[in-house]
Structures are given as structure tokens and as C-alpha cells.
Amino acid sequence: MTNLPGADLHWPEGCMAGTAMHELSLLENVREILENHALQQNFSRVTKVTLEIGKLSCVEPEALRFGFDVAMKDSLAENAELIITELNGLGLCRQCQQQIEMETLHDPCIYCGSPFVTVIQGAEMKIKDLCVI
Amino acid sequence: MCGICGCGQTNNTTKLKSVLGQNRHLIKHEHSHHGHVHGHHETERLVKVEQDLLSKNNAYAEQNRAYFQQHHIFTLNLVSSPGAGKTTLLVETIKALKGRFPIAVIEGDQQTEHDADRIRATGVPALQINTGRACHLDAHGIGHALMVLGVKDHSLLAIENVGNLVCPSSFDLGEAHKVVVLSVTEGDDKPIKYPDMFHAADLMLINKTDLLPYVDFDVERCIHYARQVNPEIQIIKLSATKGDNFSAWTDWLAQRI
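Residues numbered from 1 in each chain as written. Chains lettered and ligands numbered in written order. Predicted model: local features only at pLDDT ≥ 70, side-chain atom pairs only at ≥ 80, totals over all residues.

(A) Seen up close, the overall build of chain B. Of regular secondary structure, chain B possesses nine helices and eight strands. Across the 257 residues of chain B, 46% fall into the buried class. Taking all contacts inside chain B whose residues are at least 6 apart in sequence as the whole, residues at least 24 apart take part in 74%. (Helix = DSSP H or I, 4+ residues; strand = E, 2+ residues; numbered from the N terminus. Buried ≥ 20, exposed ≤ 12 C-beta atoms within 10 Å, placed from the backbone. Contact = placed C-beta atoms within 7 Å.)

This is the structure we're talking about:
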């Protein structure tokens, strides 16, 4: 098989920062964002992390809570408190222009029944703010 | 591709080490500082961040996208459950189209080079990314893969993601389209069971249609569910192994390259 195209190409180890479960990957991103902010804004410890997670995002708040302590271990946010603010799903019907509440990504418009609804709130997953020392 | 992290090498172990070293320094500094001020009042303050958890991945994805546009590389991110037939679909696609334009493939699996070997047997270069514990490919990994693989200008780049209908939906790789493959040996309600993926995809391929007489899969119901989640999703029914309606897919591709 060695003559086949690409058979001699090898994936350099260490180029993939991911971990099992996308919530853990996201928590690693949280840790990295905190570390960058610590350097820029001159703080050495984080005591509270507030995340804003939309109900239509593909993130499970419980999985974030479950993984948070492990992901923050040995970092400047070790033992920090985690607050998760959940944002309701909101959509705008492209047919009748009404704003509707959305529980899932496939909720049709409750006024005209159209499935053409644009999500305007609820897909968020971001770090809102931090309490730091 | 990796201007953001600065790891311009194909192997970024050095950079990783330096980042880790920096973090250790940060932690060490924090500990010594903590020790120093022990017993004194420490003032807490609020720092506004307002940063998306995927901002790093999205920045890499935009770099990849710019690279693809500059080099006229049409990139697809193929996603599905394990066993939906992505690799077979790619092998047959390559056989049908490799005389018309250059094709390259990036394969994502947790372990083994099996899929990349199947692609290489068609004469097309393939790079296997073993994600280890990770359940998805990310844009940073794709940037590195591009440097290793050396994709030609004016070509088709197919990225076969890890078989998983959940996590890959969140990670933009810089592709032109996500293509979700659903085979008729699965449930016809997958689009509403895993709505994020079907919402994110531009095209759904219903594969293995030759097996329809033997399985309890309602094609119309599946399409109805898919359009509920994503009214604009395009749909092609085909069989990659038997070739049924396969030209609808290769025409879709050829029109876009």
C-alpha cells in the first residue's frame, strides 16, 4: 500500500486539541479564553464564570456543569463557581414577520404555520463575564 | 492556515510546549501571589468577556474558508452516523469524477487508517486524522491537514468527519457545505432526533435506497422531518453501491466546482 497517494503522509500528533464530548472541548476553550484574558487584563485568579447558553444551542448545561471542575483543575479558575444563564429560543417568521418563542429548531410559526423561521435568539453559547482577583 | 496560533510547522509540539509552559508560569505566579497576599483582603472585580465559546474554532474556520476561496478549492464536510456509507459514497464519487478535476480527501476517525487506505486505492491522495478521544474534527486540525496534504488549486476537497450526528454540527471547518448522509437502514426520524445536524446541513443524501424493499424506512416521512428542521435543505436519494440516481449527486458536485 506504500505506493498509494498520501500513504506516506502522517498526521502530526498534538495538532488536535479536542477531547471526548464536545462539551469538554468547549470547556477547554473556556479555560483558554480565561487564560488569554488573565494576561491582557492582569488577574491571577477567577472565582466565578458566567456562561450564557441558548436553549437552541447544541450544548447541554448539565454536561457543562458536570465537566467544569475537571476542566478547570490546575488552572487559574480551579474551584471557581459556574453560573449558567439560559436564554430562551426566539424566532422570526419569514412568512408573516411575527416573533415567536421556540422550544426546538423545528418549531413552525404558531401564527401562520410556516416552517420558515429564522432563529434570532437561543443559539448563543458564550462567556459573559468573570469575577476575578 | 495557522497564523492565529503561530504554529506554522506541520508539527506544533514546540508551540504546545511553550503554551503549556506559559500556563504553568501563570499558575505558579498565581500560587506565589496567593501565598504572598495571604491574610490580606483581595478585591474581586468583574471582567466583561462576551466571547463565543467557539470563537477560536470559528476564527480558524474563516482562515480555512479564505484559503479555499483563494485557491478555488470546493470543500465539503461530510457528516453522518457511523455506517451510513460516507466512505463508499466517496470512493464511488472519486471513480465517477476523478478524470474531470483533482480530488483530495481528509478522513476523520477516532482510530485506524482504514478509510484513508480505501480512498488511496482509488488513486486519490488522502490524509487520515485520528482524533483519539475526540468525537469531531475541528478547523485548526483541518488547517494543519491542508499543509500536510497539499491540495491542488481548482479541486474538490472532501472532508469525511467522524461518524457522529451530534458534535460535528457545532464545528465549522471552513467548508462550502455540510452534507449529511442518512442511510435507509437507520430510522427515518433521525432528522428530528438530531435536529442540529440537519439544521446545519445544506444537502441531505438518503443513501442505500436499493435496500428500501427490505427495511421499514418511510422516505417521504424522512423528507418531511428534514424539511421541518431545515425548510431549505436539498435532498438527493441514491444508492452508492448500486449506482441508483448517483448522477444526481455527481451533477450537483460538478455544477459547483
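(B) Structural detail: the sheet that holds strand 3 (residues 89-93) of chain A. All names here are of chain A. If you trace the three strands from one edge of the open sheet to the other, you get 4-3-5, paired in antiparallel fashion. The sheet is open, and its two edges are formed by strand 4 (99-102) and strand 5 (117-121), each paired on a single side. Within this sheet the neighbouring strands show an average axis-to-axis angle of 40°, counted without direction. Bridge count for strand 3 against strand 4 is four bridges, and the pairing is antiparallel. Looking at strand 4, one finds that Gly89 is bridged to Met102. (Pairing = 2+ DSSP bridges. Axes fitted to C-alpha atoms, helices over the stretch in contact; angles between N-to-C directions.)

(C) Region of the structure containing the pairing of strand 8 (residues 234-237) of chain B. All names here are of chain B. The pairing of strand 7 (residues 203-207) with strand 8 spans four bridges and is parallel. Note on strand 8: the bridge partner recorded for Met204 is Ile235. Assessed by its sense of winding, the connection that carries the chain from strand 7 through helix 8 (residues 219-229) to strand 8 is right-handed. (Right-handed = clockwise from strand over helix to strand, strands pointing away.)

(D) Summary view of unusual backbone geometry. You will see that Asn79 of chain A, though not glycine, has its phi angle at about 70°, which is positive. Within the element layout of this structure, Asn79 of chain A appears in the loop between helix 2 (61-72) and strand 2 (81-87). On the basis of neighbour counts, which here come to 10 C-beta atoms within 10 Å, the residue Asn79 of chain A falls in the exposed class. A positive phi angle, near 50°, is found at His72 of chain B, a position not held by glycine. Relative to the helices and strands, His72 of chain B is located in the loop between helix 2 (55-70) and strand 2 (74-80).

(E) Geometry of the sheet that holds strand 6 (residues 125-132) of chain A. In spatial order, the strands read 2(A)-1(A)-6(A)-1(B); together these four strands make up an open sheet with mixed pairing. The sheet is open, and its two borders are formed by strand 2 of chain A together with strand 1 (45-52) of chain B, each paired with just one other strand. Each neighbouring strand pair of the sheet contributes to a mean axis angle of 20°, computed without reference to strand direction. Sheet topology places strand 1 (residues 46-54) of chain A next to strand 2 of chain A; seven bridges connect them, and they run parallel.

(F) Main features of the environment of Ala84 of chain B. All names here are of chain B. Secondary-structure assignment places Ala84 in the loop between strand 2 and helix 3 (86-97). According to the C-beta neighbour criterion, Ala84 is buried, with 26 such atoms within 10 Å. It is 9.9 Å that separates the C-alpha atoms of Ala84 and Leu205, two residues lying 121 residues apart in sequence. The residues touching Ala84, leaving out its near neighbours within four places in the chain, are Val181, Leu182, Ser183, Glu186 and Asn207.

(G) Layout of the packing of helix 2 of chain B against helix 5 (residues 139-149) of chain B. Residues and elements named next belong to chain B. At their nearest, the axes of helix 2 and helix 5 sit 8 Å apart, and the two run at 35° to each other. Each of Asn57, Tyr60, Ala61, Gln63, Asn64 and Tyr67 in helix 2 lies in contact with helix 5, whose residues at this interface are Ala139, His140, Ile142, Gly143 and Leu146. The class makeup of the residues in the contact of helix 2 with helix 5 is six nonpolar, five polar and no charged. (Nonpolar A, V, L, I, M, F, W, Y, C, P; charged D, E, K, R; others polar.)

(H) Here's a closer look at helix 2 of chain A. Residues and elements named next belong to chain A. Along its twelve residues, helix 2 runs 16 Å from first to last C-alpha, staying within 8% of the 16 Å computed at 1.5 Å per residue. Among the structural elements, helix 1 (22-41), strand 1 and strand 2 are those in contact with the buried residues of helix 2. Looking one or two residues beyond helix 2, the residue adopting positive phi is Asp74, at roughly 60°. (Expected span 1.5 Å × (residues − 1).)

Interpretation note: all reported values are geometric properties and have no functional meaning in isolation.
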